[in-house]
Amino acid sequence: MARSRLLRVGVLASGRGSNLQAIIDASEGGKLNAAVVVVVSDKADAYALERARRHGIKGVFVDPKGCASRQAFDKALIDALTEHQVELVCLAGYMRVLTAAFINHFRHRVMNIHPALLPSFPGLHGQRQALKHGVKFSGCTVHFADEGVDTGPIIIQAVVPVFDDDSEETLAARILRYEHQIYPRAIQLYAEGRLHVRGRHVTCQGSEADRAPTEGWGYIHP
Ligand code: GAR
């Protein structure tokens, strides 16, 4: 790969960590100029921590109960990430809202993935919200995190159809398959220095090949 030094990625995860796994697999498979150097969780039993362990990646549990305030908790997160010289923070099923202090510390260096086409259906249960609303297409979004809930500048989205007989589980599975594609892709674009943020707009330098639709049901842009 052209880039000799790997971008140091820290992942925040609260749960099963399948997006974390997709990022690790892309990295270990030589598809990313990036390496996950630490996984931090607010849940001691998060399977994401077990995935980290299996891949020889440092896993850190930060106990919210051990912190006097949200500010103190986020300071502990910043310390854990800084200790590992993290350059890009990836939220992967991280179920807490970050403080402004955290966002400011890593401004435009925090990515999040959300299982809906933002700005529709932010917050919890994006797939359930989409089904309830009756939309015909949904998908997933990778964006830079800002102080709001799922409101930051959008990097990549993937679109999938919603079928009449979908349950929350079938729709979530269809979307998740694309989450696992667009998150590593967004990280790679960042690692290549091709993402530029101006206000709400993220532009991506590069070839049209990166904007091509993928096979199957979904469509990814860029
Ligand atoms: C993913 O679907 C992710 O998009 C979602 O949680 C799931 C985590 O799965 N995130 C949010 O809803 C954030 N608002 P994972 O732990 O298997 O990656």
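Before reading on, note that the structure itself is shown above.
Values in this document were obtained by computation on a predicted structure and should not be read as measured data.

Engineer: Describe the overall build of the protein chain, naming the residues involved and giving the relevant values.
Structural biologist: Counting its regular elements, the protein chain contains six helices and 10 strands. In summary, the protein chain has a C-alpha radius of gyration of 17 Å against a globular reference of 17 Å for 222 residues, a match within 12%. With respect to the principal axes defined by its C-alpha atoms, the protein chain has extents near 45 × 40 × 35 Å. Entry remark: accessible area of the protein chain is about 10,800 Å², with carbon and sulfur atoms responsible for 54%.

Engineer: For the environment of Arg200, give the residues involved together with the corresponding values.
Structural biologist: For Arg200, the location among the structural elements is in the loop between strand 8 (195-198) and strand 9 (201-204). Judged by its relative accessible area of 49%, Arg200 is partly exposed. Counting along the chain gives 72 residues from Arg200 to Arg128, while the straight-line C-alpha distance between them is 26 Å. Beyond its immediate sequence surroundings of up to four residues, Arg200 is in contact with Thr151, Gly152, Pro153 and Ile154. At 2.8 Å, the side chain of Arg200 and the backbone oxygen of Thr151 are in polar contact.

Engineer: Please set out the side chain of Glu179 residue by residue, giving values where relevant.
Structural biologist: On the secondary structure map, Glu179 appears in helix 6 (residues 168-191). Buried Glu179, no salt bridge; nearest opposite-charge side chain is Arg16, N-O distance 6.1 Å. Setting aside anything within four residues of it in sequence, one finds Glu179 in contact with Asn19, Ile113, Pro115, Cys140 and Pro184.

Engineer: Let's hear about the site of the ligand: which residues, and what values?
Structural biologist: Every residue lining the ligand is accounted for by Arg16, Gly17, Ser18, Asn19, Gly93, Met95, Ile113, His114, Pro115, Gly123, Asp150 and Glu179. Contact distances for the ligand include 2.6 Å between an oxygen atom and a side-chain N or O atom of Ser18. Alone, the ligand offers 450 Å² of accessible surface; in the complex the protein occludes 91% of this. Of all the secondary structure elements, the ones that give two or more residues to the shell around the ligand are helix 1 (18-28) and strand 5 (110-114). Grouping the amino acids of the shell around the ligand by side-chain chemistry returns three nonpolar, six polar and three charged.

Engineer: Give me the lowdown on the pattern of salt bridges, citing residues and values where you can.
Structural biologist: Once their charged atoms are close, side chains differing in charge can pair, the charge on each being opposite to the other. The full count for this structure, using the stated rule, is nine salt bridges. Here Glu87 ties to Arg5 by a salt bridge, and the two come within 2.7 Å at their closest N and O atoms. Here Glu87 is found in the loop between helix 3 (70-83) and strand 4 (88-91), whereas its partner Arg5 is found in the segment before strand 1 (7-12), with 82 residues between them in sequence. The exposure class of Arg5 is partly exposed, given its relative accessible area of 42%. One salt bridge connects Glu192 with Arg194, and the closest N-O pair in it is separated by 2.6 Å.

Engineer: Outline the environment of Asn19, listing residues and values.
Structural biologist: On the secondary structure map, Asn19 appears in helix 1. Look at Asn19 and you get buried, because its relative accessible area is 7%. Distance from Asn19 to Ala173, taken between C-alpha atoms, is 12 Å for residues 154 residues apart in sequence. Apart from residues lying up to four places away in sequence, Asn19 is in contact with Ala92, Ile113, Leu176, Glu179, His180 and Tyr183.

Conventions and cut-offs
- Residues numbered from 1 in each chain as written.
- Predicted model: local features only at pLDDT ≥ 70, side-chain atom pairs only at ≥ 80, totals over all residues.
- Heavy atoms only, no water.
- Helix = DSSP H or I, 4+ residues; strand = E, 2+ residues; numbered from the N terminus.
- Rg over C-alpha atoms; globule rule 2.2 N^0.38 Å.
- Areas by Shrake-Rupley, 256 points an atom, 1.4 Å probe, with all protein chains shown as cover.
- Buried < 20%, exposed > 50% of the residue type's maximum accessible area, 1.4 Å probe, protein only.
- Contact = heavy atoms within 4.5 Å.
- Polar contact = N/O pair within 3.5 Å; in protein donor to acceptor, adjacent residues only side chain to side chain.
- Lys, Arg positive; Asp, Glu negative; His and termini not counted.
- Salt bridge = Lys/Arg side-chain N within 4 Å of Asp/Glu carboxyl O.
- Near = heavy atom within 4 Å.
- Nonpolar A, V, L, I, M, F, W, Y, C, P; charged D, E, K, R; others polar.

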